[in-house]
Structures are given as structure tokens and as C-alpha cells.
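A closer look at the structure
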There are 2 protein chains.
Amino acid sequence: MSLLVIGTMAFDAIETPFGKTDKIIGGAATYISLAAANLYSNINIVSVVGDDFPQEFLQMLKNKSINLDGVQIKKGEKSFFWSGKYSQNLNERETLITELNVLQNFDPVIPDNYSETEYLMLGNLTPAVQMTVLNRLKTKPKLIVLDTMNFWMDIALDDLLAVIKKIDVLVINDEEARQLSGEYFLSKAAQKIFTMGPKYLIIKKGEHGAILFHGNDVFIAPALLLDDVKDPTGAGDSFAGGFIGYLAKTNDLSFENMKKAVVYGSATASFCVQAFGTNALINITQESITERINQFRALSSF
Amino acid sequence: MSLLVIGTMAFDAIETPFGKTDKIIGGAATYISLAAANLYSNINIVSVVGDDFPQEFLQMLKNKSINLDGVQIKKGEKSFFWSGKYSQNLNERETLITELNVLQNFDPVIPDNYSETEYLMLGNLTPAVQMTVLNRLKTKPKLIVLDTMNFWMDIALDDLLAVIKKIDVLVINDEEARQLSGEYFLSKAAQKIFTMGPKYLIIKKGEHGAILFHGNDVFIAPALLLDDVKDPTGAGDSFAGGFIGYLAKTNDLSFENMKKAVVYGSATASFCVQAFGTNALINITQESITERINQFRALSSF
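In this text the structure is predicted, and so the values were computed from the model without any measurement. Sequence order as written defines the numbering, with residues in each chain counted from 1. Chains and ligands are labelled sequentially in the order written, the chains with letters from A and the ligands with numbers from 1. Where totals are concerned, whole chains, interfaces and linings use all residues; where local detail is concerned, this predicted model gives features only for residues with pLDDT of at least 70, and gives and counts side-chain atom pairs only at 80 or more. In computing side-chain values, all of the structure's heavy atoms are included and hydrogens and water are not.

Topic: the interface of chain B and chain A
Many analyses report the size of an interface as the accessible area lost when the parts associate. Two residues qualify as a contact provided that any one of their heavy atoms is within 4.5 Å of a heavy atom in the partner residue. Contact residues are listed per partner, giving 36 residues for chain B and 36 residues for chain A. Buried area: the accessible surface (1.4 Å probe) lost by two parts on joining, summed over both. Carbon and sulfur atoms make up 62% of the area that chain B and chain A hide from each other, which totals about 3100 Å². Salt bridge, as applied in this entry: a Lys or Arg side-chain nitrogen positioned within 4 Å of an Asp or Glu carboxyl oxygen. There are two salt bridges connecting chain B and chain A. N or O atoms closer than or at 3.5 Å make up a polar contact, with two conditions inside protein: a donor-capable atom paired with an acceptor-capable one, and, for residues adjacent in sequence, both atoms drawn from side chains. For the pair chain B and chain A, the interface holds 16 residue pairs in polar contact (both at pLDDT 80 or more). Here the side of chain B that touches chain A gets six residues from one element, more than from any other, and that element is helix α11 (residues 286–300) of chain B. Looking at the side of chain B that touches chain A, its residues break down into 21 nonpolar, six polar and nine charged. Numbering goes from the N terminus for both helices and strands, where a helix is a DSSP run of H or I of at least four residues and a strand is a run of E of at least two. Following the grouping adopted for this structure description, the nonpolar residues are Ala, Val, Leu, Ile, Met, Phe, Trp, Tyr, Cys and Pro, the charged ones are Asp, Glu, Lys and Arg, and the polar ones are all others, Gly among them.

Written out as C-alpha cells, the structure reads:
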């Protein structure tokens, strides 16, 4: 059994009110895998980078038992690069630079030794590429989770709807749920989105937590109240990685266990935002995760 | 032992995307008392109305064992009137008309038979009037809860800070907490506000729930996901009424019990918004409250 993660591996240059970075390592697949690796160990990535991507970082991922056989390294080409600047309250961000580079012609290849994928995480990426991955899998995974964003709803809605039809869990934020469904109230939005295919919907609300919907069941996880948020980049990916990592580890798709997975996702995201880039995710300990889970329980039980 | 509620009793004309009302009955003291009356029965009001305020409504309050000896009825004068219009998503509202009328010279009188006040709810009102009430009480209540809004922070901050110094629990929304403290992160805002006097802070976040702070203890209550919100008017007052009503009923100021009070406040507010004006609050049953409390437990436990 294994977890397959599809997504970008990239360089980011980030500016927040709390600091500014040069090119540091980012990308959805990077954040998702590092987040999941704190909970589960049989992780495979499918992605693409240029030969400018640091070997030491790839080695660090391998040391965490993350399999990179599906990561294509394009000779003489450059990795995907994104640069963005966050607003004073971190709730909005402006894209300054997007250089697709190797992503432009990304043709995902799934190595033979990835074939036993039971858990599939389709990280935020062109819906057409997400679909190609689904089509190239030899067996249907037990659970397919998809992360996407408003950008794809704006420019590739038909492609996106075609992928959404084939997945189990959709992970988006509240504004995206409203845009996709055309409904303002989130419970109505969820019911509309269920008619598009997914059986589960997770709505991320940033500092306001996350909501899990399944049929008429609802679970609301609060977000920890952090007073040292440095950089929100990768928070959504870390959430998704913690969520699917916990499910792959426990291999239990009951609603009760899904709730716990959402809390693990929230806890993982809470680490991510406390440092720039992937630094916090790389250094999480098991004890610190357990401590945060206990914090979640304390602040929501009555 | 009794609960004293100070606040407006008024007429509102409300427009939301779901309907429009002529003058209907509103006001902070009205909402708070009706909310608290579902949980506790020894409630006294101090307020002021004109002789245009309907006798039948006053009688209905009396029938719910709400004591109106402290409600001054000004002959030949008109009750406070507010008219407002909500935005499409109900998150913003525009004030169309404010007629202070009897409120202009409101001099609160506390009847002798109100003297054993253990629980005091200072509803949203001019800080100077809230202070007058505090000064006119013969004995110090066991718990003083204050609700206020950004309007008073803008035009009467010094008066407001003087009242805040003397209370136990401050109830405001997230933007108001940021304005009052000058801190963006809510946990930092809470610590700053504690230096101003209150030992407890409740931050209302509307559809995102409410947070209770006390020292380093934090409790986050989600909001129920309603898909039939009609009118948010009075939601904050209903929250405050449910909160203090539950505390007066149980007479237990432990943090554990305060958490429950916050959930009762949220449950009460969830009824309020499902109908225009006070209609939903008037018709709550004990069974329906219990049912909502169970819903809160189901959607937040993991």
C-alpha cells in the first residue's frame, strides 16, 4: 500500500509583513509530501523539476523515505518559479511573477513501482494533468483527494469538472466553494458539489478552521490561534498532506476517522505557517504533533 | 438572585436579501431578555420607550416572567428607531435611519426591587449610560458582562475604556477586538484587552463562531451551518442573552461552565437569525435548545 502525491516542486520568492525570502523551495507536492511524511512512510511523488533544483533537497526528501522515481529532472531546463507578496493581514496575496518553465510541457509519468497506489493526492495543478494521472493509473485508488483553486475555475472549468467527477474528496476554500457551486451558504454549496461527483468536501477557512461535509454529516475543526504566523504559503498543501497522510496511516475511511484526519491536517498546517517555506514542516517531531492534537481537543471540547 | 439587563427597546425596519419589514420590535434589551428567558426566569430590565411601544409586546414579556419595573414609558415621546439594510451575503449592513427619540435623554433608573442583582448584562448602549447604571447599583454584581461596538470606540473611546475597566466579560466581534487592542492576531488582542480590565473576552465571529478567552485558556465554539438565515439583527444580543442566561441559571463561573454558556449563546443566536426580528426567540422550546446543543457537540467532537 502507498500514497501517491502529484503536484509541483518549485522555487518560491515570498514577501510577508514578517519578512522576505529569495528563491526558496516550495511547490504543492513538496509541501504535501513533507506534511504526510510526518504521519506515513510509503510516499511516492510524481512531479517535474529542472536541473536547477537542489540535489541536497531531493536527498533530504529521500532520507524521509519519500520515493522520487516519478520526479522527472529536465536537463538544461528551469524549475517552476512563483513569487508573491502577502497583504498586511495575510489574508490576500498578489502574484508578482509566475514562470512555468518545466511545468509548461509536464507529461506525468507513473513508474511501474508506483502501481499499488491506494491513496492518491492530486495537488493543485492544471486539471488536464490531474486527469492524465487518473487515466494512467493501472488500478483505481481506494481514495482520491483533489486540491484545486479559483484560478482553474476561471480558465479551465470544464476540465476541472471532468476531474472532480472522478474523485472522492474535494479540498477548496470557502470562496472557491461558493464560486464552484453558485451557492453562498456553505451547507447548500456542499450539497451542490456532491452532485458533481465527490462524496466528501473539505472547505478550508484559514484562520477560521475547516469544515468536513459528507452526506448530511458535518464536522467543524477550529484553527489554532497562532500569534506568530510568518508565511501562509503551503498551508493548504500541508493541510491536505496531513489529512491524507493520517488516512493512509490508519487506513480507515469512516467519518469518525475522517474527522481526526481533518484535525491532523489542521495541526500540520499550523506548523507550516510559523516559518517561511518548508522549514517548519521538515522539523516537526511526533511529540509536537501529539501536543497540537491535544490543544485542538482542549479548545473545542465542552 | 436575579439578572439585570440594560439596553434599548426599540423599533427596527430591516431589509435583507430575504425580505423587508415595516417597523417591528427590536432593541438590545429586548433580544437579550428574550434569549435569556429561555434559560432563566428572574430577569429585570432597565430601559426606556415612548408611549408608541405596543402594550401587547410588554405584556408578552411580562408573561415570560420578565420584570419591566425599570422600563420608563415616556408620555408623548417616541421609541428609538433604527432602519438598516443588509448586503447580499449578510456580512455588512448599512444604517438608513437612526432616530434616537427617547434615548437622547435616557437617565436609567434602577428600581429598589432590582437591588439583588448578581448577574448584570450591559447591552450595547452609550458608554456613559452603562457607567451610570454601574454607579447606581447598591451592591457589586457577581458577574458584569458588557456588549459594545465599533461606533462607541470611534466616538466615545475614553468613556468606553472607563466602563470596560469595571467589567468582567467583554463581548465584541473580531474587527472590534482588533480596533480596541491595535493587535491583528486575536490571541494577542485578548492579552492586550485583559490589561484594560476584563478577565474574560468573547470574540464573536458570526458564521465562523465565537472564541472565549480567559488568561491563557481558550475555547472556540463553531457556529451552526444554517442555510436559512433570514435576518442577522439581534444575533449578537441573542448570543449575549443566551450566554448570561445560562450562567445565571447554573450560577457556576468555572471556565468549563463558561464554555457551555458560550455554546448556549451560539445556539440561541442560531434561532434568532432564522426569522425576522424577535419572532424566532419568542417561540423557542426547551427541546429545540437541547437539540441544537447536541448538534454543536456532534459537529465539534472528534
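Concerning the sheet that holds strand β12 (residues 200–204) of chain A
All names here are of chain A. Note on pairing: DSSP must find at least two bridges between two strands before they are called paired. Pairing is mixed in the open sheet, where nine strands are placed in the order β6-β5-β1-β9-β10-β11-β12-β13-β14. At either margin of the open sheet sits one strand with a lone partner, and together these are β6 (66–74) and β14 (217–221). In this sheet, adjacent strand axes meet at a mean angle of 15° when their direction is disregarded. Along the sheet, helix α7 (residues 186–194) contacts β11 (169–173), β12 and β13 (210–214); its crossing angle with β13, the most-contacted strand, is approximately 45°. All axes here are fitted lines through C-alpha atoms, helices being fitted over the stretch that makes contact, and every angle between N-to-C directions spans 0 to 180 degrees.

Some remarks on the relation of the copies chain B and chain A
We place the copies in one frame by least squares, fitting the C-alpha atoms of every residue whose pLDDT is at least 70 in both. Placing chain B over chain A gives an RMSD of 0.0 Å and needs a rotation angle of 180°, together with 0.0 Å of translation along the axis. Here the copies are linked by what is in effect a two-fold axis. When you check the interface residues of chain B against chain A, 100% turn up at the interface there too, and the contact is symmetric in its surfaces.

Topic: the sheet that holds strand β12 (residues 200–204) of chain B
All names here are of chain B. Overall, mixed pairing links the nine strands, which are arranged β6-β5-β1-β9-β10-β11-β12-β13-β14 in an open sheet. With one partner strand each, in any of the chains shown, β6 (66–74) and β14 (217–221) form the two edges of the open sheet. Geometrically, the sheet is characterised by an average inter-axis angle of 15° between neighbouring strands, direction not taken into account.

Digging into the packing of aromatic side chains
In this scheme Phe, Tyr and Trp rings, the latter by its six-membered ring, pair at centre separations within 6.5 Å, and the angle between planes marks the pair as stacked below 30 degrees, edge-to-face above 60, and tilted otherwise. Under the defined criterion, the tally for this structure stands at 16 aromatic pairs over all chains. On the basis of an interplanar angle of 75° and a centroid distance of 4.8 Å, the ring pair of F151 of chain A and W152 of chain A is categorised as edge-to-face. Centroid distance F219 of chain A to F302 of chain B: 6.2 Å. Interplanar angle 70°. Geometry classified as edge-to-face. You can see F219 of chain A sitting in strand β14 and its partner F302 of chain B sitting in the segment after α11, one on each of two chains. Look at F219 of chain A and you get buried, because its relative accessible area is 0%. Ring pairs connect the aromatic residues F11, F53 and F57 of chain A, which therefore count as one cluster. Three exposure classes are used, based on accessible area relative to the maximum for each residue type with a 1.4 Å probe and protein chains only: buried under 20%, partly exposed in between, and exposed over 50%.

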